[in-house]
Amino acid sequence: MKILLTGAAGQVGTDLLPLLTERGDQVLAFDLAPAPKHLPDGVEWVRGDVTQSAEVYDAVSGFKPDRIMHFAAILSARGEQIPHRAWRVNMDGTLHVLEAARLFGKPQVFYTSTIAAFGPGLPNPVGDDVPLRPSTMYGVTKVAGERLGEYYQSHFGLDFRGVRFPGLINAGIPGGGTSDYALFMYVDGLRTGRYECFVSPQSRIPFMYMPDALRAVLELSDAPQKSLGRSIYNIAAISPSAEEIAAAVRARIPGVELTFKSDPERQAILDSWPQVLDDHHARFEWGWNHEFDLDGMSDDLLPKVRELIAKEGGGEKLHA
């Protein structure tokens, strides 16, 4: 399988690359960032900008992928700081990917949407088909991307499919999402022994551990098209409060200091999102099921974060 992966240097792309090559896929990694020092075998890296249509067209026409996994995006908190850039990357970039797919072989386009596609005031759990009234530029662009992909599917026969991700947690440095407070508890809890969360302890949104998220991407991408009743699916795992996450971290890092001081802007974004997702369509139509609960994620994540910090030269700062 030949796969073109945009946003290959991002949070999801970085962890997905080795999984793709392990199963024998040939991957063209497309990102503005330079190639990492150690690329998995079977990966070619191209420095490219999704906002530039010619660069996207050249990559797709030259590589001739069977699938395009489109992960390039500016996330919620960063998007509120640079909304015009977020529109160009998230919206124009998606248009260029879809148009390239239409012009050059019609590969499957896999799209990553988000719980930020929803707006405030919805009852929980929030299903696939509620009104989408996002309150952030990130959410606006993701809703528009969903609709644009469905347009290309209905008008041009493109195989367009994707997921609405919850907040994702992995062994990495947080990259600008409003849900980053959760990962910071683990990272700074180990790195410095303390972290002040920018949300209230009662804040609750859906989260998912990265191994589950990656498996969802692969399972939906591989699912027979005839089994799918829609293009975009909610996928859910856990919905802990910020205090429940803190309790899990405290139980595993003795003496860690985790406190809360709500930032009004980021709290408002968080409060506009669902607390619990209804993902029964994904579970029924392509067999989705998460594996990691909060305790399982915490047990698996902390050793990986320790290793990450040590590799970055912060091993001497690790909190016991």
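Thresholds applied
Residues numbered from 1 in each chain as written. Predicted model: local features only at pLDDT ≥ 70, side-chain atom pairs only at ≥ 80, totals over all residues. Heavy atoms only, no water. Helix = DSSP H or I, 4+ residues; strand = E, 2+ residues; numbered from the N terminus. Buried < 20%, exposed > 50% of the residue type's maximum accessible area, 1.4 Å probe, protein only. Contact = heavy atoms within 4.5 Å. Core = buried A, V, L, I, M, F, W, Y, C linked by side-chain atoms within 4.5 Å. Pairing = 2+ DSSP bridges. Axes fitted to C-alpha atoms, helices over the stretch in contact; angles between N-to-C directions.

Caption draft 1: Structural context of the side chain of Thr21. For Thr21, the location among the structural elements is in helix α1 (residues 11–22). On the accessibility criterion, Thr21 (17% relative accessible area) is buried. When sequence neighbours within four positions are dropped, the list of residues in contact with Thr21 reads Val27, Pro40, Asp41, Gly42 and Val43.

Caption draft 2: Up close: the nonpolar core. One finds Tyr181, Met185, Tyr186, Phe207, Ile245 and Val249 to be the most contacted residues of the largest nonpolar core, which totals 43 residues. When contributions to this core are tallied by element, the ones reaching two or more residues are α5 (137–156), α6 (180–191), β8 (194–197), β9 (207–209), α8 (242–252), α9 (264–271) and α11 (294–314). Take this core: its biggest share by element is 7 residues, from α6. With sequence-adjacent residues up to four places away left out, Phe207 is seen in contact with Pro166, Gly167, Ile169, Ser179, Tyr181, Ala182, Ala237, Ile238, Pro240 and Ile245.

Caption draft 3: Geometry of the sheet that holds strand β10 (residues 232–234). Overall, parallel pairing links the 7 strands, which are arranged β3-β2-β1-β4-β5-β6-β10 in an open sheet. Two strands lie at the open edges of the sheet, namely β3 (43–47) and β10, each paired on one side alone. Along the sheet, successive strands turn relative to each other by an average axial angle of 20°, direction set aside. Summarising the sheet, strand β2 (residues 26–31) and β3 pair through 5 bridges and their orientation is parallel. In the strand pairing of β3, Ala29 is matched with Trp45.

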